[in-house]
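Structure at a glance
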Amino acid sequence: MAIRQKELIRGKILYYLALVYPQAVTLPLLQSELDLFGYPVPMEELRFHLAYLDEKGLVTVEEPGTFQPRRKVALVKITARGIDYQDGRLPADEGVYVEPRQ
């Protein structure tokens, strides 16, 4: 996969998570939304992108059993920093492409 495609996918992840904020979403839901946006991503690749965004502080990924032992699925949520990045209030990051606001 081309580097630009990876940057676009990460930007689309932030875009969708900002739309549903403050709610967290499951990985399958996020994967299906990316598919609807025209960016189909296998689950392992999605996990890679989320780990990258998590390390940048733009999203959080809560694995099953972390805070609620009965929960069986991972949840992902955009952080305040992620919203600031999505809104263009932070300097551009070469690894994440967010479409310019008009």
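The notes below deal with the structure included here. Only a predicted model underlies this, so the values are computations on that prediction, with no experimental measurement involved. (Residues numbered from 1 in each chain as written. Predicted model: local features only at pLDDT ≥ 70, side-chain atom pairs only at ≥ 80, totals over all residues. Heavy atoms only, no water.)

**As for unusual backbone geometry**
The amide bond that connects Y21 to the next residue, P22, takes the cis arrangement and shows omega of 15°. Turning to its location among the elements, P22 is positioned in the loop between α1 (3-20) and β1 (25-26). (Helix = DSSP H or I, 4+ residues; strand = E, 2+ residues; numbered from the N terminus.)

**Things to note about the packing of aromatic side chains**
A ring pair, where both rings are aromatic, is described by two values, the distance of the centres and the angle of the planes. Throughout the structure, instances matching the rule amount to 2 aromatic pairs. Plain terms: the ring middles of Y16 and F37 are 6.4 Å apart, the flat faces sit at 65° to each other, and that makes the pair edge-to-face. One end of the pair, Y16, is in helix α1; the other, F37, is in the loop between α2 (27-36) and α3 (43-55), and 21 residues separate them in sequence. What makes Y16 buried here is its relative accessible area of 8%. Members of the aromatic cluster, each reached through a chain of ring pairs, are Y15, Y16 and F37. Here the basic side chain of R4 rests over the ring of Y97, its NZ or CZ set 4.1 Å away from the ring centre. In this structure, R10 is placed above the aromatic ring of Y52, and the distance from its NZ or CZ to the ring centre is 3.9 Å. (Phe/Tyr/Trp six-rings, centres within 6.5 Å; stacked < 30°, edge-to-face > 60°. Buried < 20%, exposed > 50% of the residue type's maximum accessible area, 1.4 Å probe, protein only. Lys NZ or Arg CZ within 6 Å of the ring centre and 35° of its normal.)

**Looking at the sheet that holds β1**
Spatially, 3 strands are ordered β1-β3-β2 in an open sheet, and the strand pairing comes out antiparallel. What marks the edges here is a single partner per strand, and that holds for β1 and β2 (59-62). Two strands pair when backbone bridges link them, and β2 and strand β3 (residues 75-78) are joined in this way by 4 bridges, in the antiparallel orientation. Directly across from V61, in β3, lies its bridge partner V76. Running over the sheet, α1 touches β1, β2 and β3 and is turned about 85° from β3. Running over the sheet, α3 touches β2 and β3 and is turned about 120° from β2. (Pairing = 2+ DSSP bridges. Contact = heavy atoms within 4.5 Å. Axes fitted to C-alpha atoms, helices over the stretch in contact; angles between N-to-C directions.)

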